[in-house]
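Read off the chains here:
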Amino acid sequence: MHWRKDRSVVIGVISFITGCVLTRLFCFVGNSVIERVGYCEREKDTPPYQTSSIDPEFNESPVTQQKPTTVREIATLPPYPPSFEGKAKFLSPPSSFQEKTFLFIVITTSARNFEARKAIRSSWGHRATNPSFQIVFVVGCDEVNDERVDEEAGIYGDILRGNFFDLYAQNELHTVKALLGLKWAISMGNSEYILKVNADSFVNVQGTIEWLRSLEENLERKDLYAGYCHKGVAVVRNSQSPYFIPDDQWSAVSLPDYSSGIGVVLSRGVGEKMVRLAPQMKMVHIDDVFLGIMAQNLNIECMDFSSRFDTAYTTMLTECDDLKFCVLGGVPAKDMFYLSQNVQNLGEICTQPSTAV
């Protein structure tokens, strides 16, 4: 009986020591695991990245030292916004990409929004309708959808993905996407105008190009920053609102005049100035507001063309005057193709010569 008791004690001691060794081993291995999210890499136990401004050369931004945490937090990776040398990837650049084009359209969207991208490509974003423009979708990394986005980019070659997590509450509003698309348009292309839109924006491409050419004829194109201009808007301080702006981003009680994010038109010169200015600015996470703040700092007025930029899509287009719009906002993906056909058919009717009775 005594030897059985002694053996039990020995086995217990050996089990305890073995358990401690294995626990230390697993903890050591677990702490060194790198979490990979598409083209993004982040150590699970590293603190979230925070920045108060954009790095001057769009390169690495300083990391704020914080207490490590094992809880995954929604955060962007530096740089903010990303550079192109290993920190941002243009997936499968299209062979038809043209450095010289009249209108370059930047569409901010989330990686998971496949339906919206498909709807845009099959409607107003189909380049066969007009070779004077091209589009690019700007997304972030998404551990769930990265492989599908890779396949999609391989087919269409129109996706620009940055080295940041695509997990924000304000996915379509995040400034880093707009700045990444703007920098791409300025750095890689030679377009005369840049139009930034959202995933639920419908662009009347032909109407927009004709309108911009008319501005050139009237010598109104210099330093063009235009759209549906909001003036005297109070800052939202309710943290539950998607439009919440904290004091440390913007301390004034009202915002400067800014063009609605459904469609922001920039002349190339303004785009270049904003790309240079952005690194010196305090970041505001809502893209259209931040563009407006930069315009104010550049002493560039927001030119209001609210009749051409409708923030609320509600009805079918029935009159020839209805075709004078540039961008409609809030258009569901399921309505994109229908609306495109509506614009095309109405355009054919309105361009026919009138017949005398």
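That block above? That's the structure.
In what follows, the accompanying structure is described. (Residues numbered from 1 in each chain as written. Predicted model: local features only at pLDDT ≥ 70, side-chain atom pairs only at ≥ 80, totals over all residues. Heavy atoms only, no water.)

1. Some details on the packing of aromatic side chains
Part 1: In this structure the tally under the stated criterion is four aromatic pairs.
Part 2: Ring geometry for tryptophan 211 versus phenylalanine 305: centroids 4.9 Å apart, planes at 75°, classification edge-to-face. Placement of tryptophan 211 in helix H5 (residues 205-217) and of phenylalanine 305 in the loop between strand S13 (303-304) and strand S14 (309-310) is noted, with a sequence separation of 94 residues between them.
Part 3: Exposure remark for phenylalanine 305: the relative accessible area of 17% places this residue in the buried category.
Part 4: Taken together, Trp211, Phe305 and Phe309 form an aromatic cluster joined through their ring pairs.
Part 5: Positioned above the aromatic ring of phenylalanine 114 is the side chain of arginine 148, whose terminal nitrogen or guanidinium carbon lies 3.8 Å from the ring centre. (Phe/Tyr/Trp six-rings, centres within 6.5 Å; stacked < 30°, edge-to-face > 60°. Helix = DSSP H or I, 4+ residues; strand = E, 2+ residues; numbered from the N terminus. Buried < 20%, exposed > 50% of the residue type's maximum accessible area, 1.4 Å probe, protein only. Lys NZ or Arg CZ within 6 Å of the ring centre and 35° of its normal.)

2. Some remarks on the side chain of asparagine 204
Part 1: Considering the arrangement of structural elements, one finds asparagine 204 in the loop between strand S8 (202-203) and H5.
Part 2: The buried category is assigned to asparagine 204, whose relative accessible area is 8%.
Part 3: A distance of 3.2 Å separates a polar atom in the side chain of asparagine 204 from the backbone nitrogen of glycine 207. (Polar contact = N/O pair within 3.5 Å; in protein donor to acceptor, adjacent residues only side chain to side chain.)

3. Side note on the environment of tryptophan 184
Part 1: Among the secondary structure elements, tryptophan 184 is positioned in helix H4 (residues 175-188).
Part 2: Note: C-alpha distance between tryptophan 184 and valine 106 (78 residues apart in sequence) is 9.3 Å.

4. Section: the pairing of strand S12 (residues 264-267)
Part 1: Judged by which residues are buried, S12 turns out to be covered on both faces: Val264 and Leu266 on one side and Val265 and Ser267 on the other are all buried.
Part 2: Inspection of the sheet shows strand S7 (residues 193-198) paired to S12 by four bridges, in the antiparallel sense. Paired with leucine 195 across the two strands is valine 265, which belongs to S12.
Part 3: Pairing of strand S9 (residues 225-227) with S12 involves two bridges; the strand directions are antiparallel. Bridging from a neighbouring strand, tyrosine 225 pairs with leucine 266 of S12. (Pairing = 2+ DSSP bridges.)

5. Side note on the side chain of serine 123
Part 1: With respect to the helices and strands, the residue serine 123 is situated in the loop between helix H2 (114-121) and strand S5 (133-141).
Part 2: Assessed through its relative accessible area of 3%, serine 123 is described here as buried.
Part 3: With sequence-adjacent residues up to four places away left out, serine 123 is seen in contact with Met336, Phe337 and Ser340. (Contact = heavy atoms within 4.5 Å.)

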